Amino acid sequence: MSPELIVELYTGLGRVLEISGNYQGALRNYEKLEAIGRERSDDTIWLAALLLQATTYSTLSSELNPAKGREISKQTVALAQELGDHRAEARAYWNMMLMEAYSGTDVSIAVAYGERSVEIAREHYLKEELAYSLNDLVRPYLAMGRKEQSLASLDEAVRLLRELDDKLMLADSLAKECDIRMVLGEFELAKKSAEEALEVSRSHRNRFGEAVAYVRLSVLYGEFGLPEKAIEALKTGREAARASGFAATRLYPVRLAMAMADAGDYSGNDLAMESVGETTELPFLQRFPVGGVAKIKLLSGDADGAAKSLDEALALPEMEISHPISGFGLSHLVELDLLQDLDRTETVIETADRYLDGLDATGAIFRRYDVLRIKGTALEAQGKVSEARDCL
C-alpha cells in the first residue's frame, strides 16, 4: 500500500472519529499512523501523523494539551522544511496559530503564525490550507482590532470552503460568521449564518457543529427577548454537545442554567456546578461557569454565596473580550451585573472602563450599550450625575 493511501485512510478514519466526538480514539488512530511511519522509516507518513496529533492537542477537544501541541508543532515545522513539503509547513503553522489562539496569552503571535500559513498556501496554490488558515484568522484579527481583515478573511474562507465542498469546516466558518455579525450588532445576519451552520451540520451528522450552532441561536434568541426559545435551543443542543466530545461544550449546562434564570427559574445551580466540575482542568473555560453559579445564587437570595463565587470567578483567567460567545456575551457582562448588584460601585466603574477599552480596540458593538448602562448607573449612585448622563 502506498504511503499516500495509508495517510488518506488513517486521516479519513480520524475525521469520522472526531465528528462522532471520539477524540481520544482519533488520537490513538493518529499514533498508530505515526508508528507505521517509524516502522517504514517514512518521514512523510510520520509528518502527516504528527500534524494530525498537533491539531487534536491544539484545539478545544477533550484531548487539549497545550504543552504537547506546542512540542509537536515545532517538530512538524522543522520536518516539513527539511522535506520541502510546503503543504505540511502551511498546516504546521496553522496548528501553531490554533494553539496560540486557544491557549496562548498574546493574540499577535497567533496572527503571525496564521499569516505565515496563508503566505505559504498562497505562494504554492494550496487551496484547502488557505481556506483553513483564513477561517481561523478571523477571531484573532478581530481581537487585535483589525475588523476589515477579519471580514475579508471570513468572506474568502467561506467562498473557498464552499468551492471545496468541505461541509465540516464550512459549518465552523458559518459559526464564526455568526460571531462576527453579532459583534457588529447585525443580529438578523448572525441568525441566518447560525441557521445555515445548523443545517449543514445536521446534514452531515456533525454533532459538534450542531452544538455550536444551537449555542449561537440561544444567544440570539436571548437578544430577541425570546427566553423560552433560548432554553429550547440549549436543551436540544445539549444532546449534540454530549456526543461531540469537544471541550467547549462543557459549558452547555451552565448556559442552560443561566437561560433558565433569565426566564425566572433559579433551580439550575446543579447544572452550573456540572460545568464547573467539567472545566476544572481547563481554567480558561472555568471563569464563566463559576460566574454563572454566582449569578444564580444571587437571584435565589444567597448574596454571601454569590459574593464568594464571584471572587472565585474573578481570580480565574479572563476570556477574550471581543468574542461574543466564549467571551463578552457571557462572563464579562455577568460579572459586571453581579458587581453592581453586590454594590461594589467603584469596581463596577473600573471594570466597565477596562471592558470598554477592549471593545473599542476591536470595534465591537455587541454588549457595549449594556456596559455603558451599568457604568452609568454606578456613576449615578456615586452622585456623578453629569458623567452618568454621558453613559446613559
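Everything here concerns the structure above.
In this report, the structure presented in the accompanying data block is examined.

Rules and cut-offs
Residues numbered from 1 in each chain as written. Predicted model: local features only at pLDDT ≥ 70, side-chain atom pairs only at ≥ 80, totals over all residues. Heavy atoms only, no water. Axes fitted to C-alpha atoms, helices over the stretch in contact; angles between N-to-C directions. Helix = DSSP H or I, 4+ residues; strand = E, 2+ residues; numbered from the N terminus. Parallel < 35°, antiparallel > 145°, perpendicular 65-115°, else oblique. Left-handed = near helix turned anticlockwise from the far one by under 90°. Contact = heavy atoms within 4.5 Å. Nonpolar A, V, L, I, M, F, W, Y, C, P; charged D, E, K, R; others polar. Salt bridge = Lys/Arg side-chain N within 4 Å of Asp/Glu carboxyl O. Buried < 20%, exposed > 50% of the residue type's maximum accessible area, 1.4 Å probe, protein only.

### As for the packing of helix α2 (residues 23-40) against helix α3 (residues 43-58)
One can describe the packing of α2 onto α3 by two numbers: an axis separation of 8 Å at closest approach and a directional angle of 160°. Taken together, the axes of α2 and α3 are roughly antiparallel relative to one another. In the packing of α2 onto α3, the handedness of the crossing is left-handed. Judged by residue contacts, Tyr23, Leu27, Tyr30, Glu31, Leu33, Glu34, Ile36, Gly37, Arg38 and Arg40 of α2 engage Ile45, Trp46, Ala49, Leu50, Leu52, Gln53, Thr56 and Tyr57 from α3. Its residues assigned to classes, the contact of α2 with α3 shows 11 nonpolar, 3 polar and 4 charged.

### Description of the packing of helix α5 (residues 86-103) against helix α7 (residues 127-143)
Contact geometry of α5 with α7 gives a least axis separation of 10 Å together with a crossing angle of 20°. Here α5 is positioned roughly parallel relative to α7, judged by the angle of their axes. Pair α5 / α7 crosses with left-handed handedness. Contacts between α5 and α7 involve Arg87, Ala90, Arg91, Trp94, Met97, Leu98 and Ala101 on the former and, on the latter, Glu128, Glu129, Tyr132, Ser133, Asp136, Leu137 and Pro140.

### What about the pattern of salt bridges?
Summed over all chains, the structure comprises 32 salt bridges. The salt bridge partner of Glu31 is Arg28, with a shortest N-O separation of 2.8 Å. Of this pair, Glu31 and Arg28 both sit in helix α2, 3 residues apart, roughly one helical turn. The exposure class assigned to Glu31 is partly exposed, which follows from its relative accessible area of 28%. Notably, a salt bridge pairs Glu129 with Arg91, separated by 2.8 Å at the nearest N-O pair. One end of the pair, Glu129, is in helix α7; the other, Arg91, is in helix α5, and 38 residues separate them in sequence. Among the ionic contacts, a cluster of salt bridges with common partners joins Arg122, Lys127, Glu156, Arg159 and Glu163.

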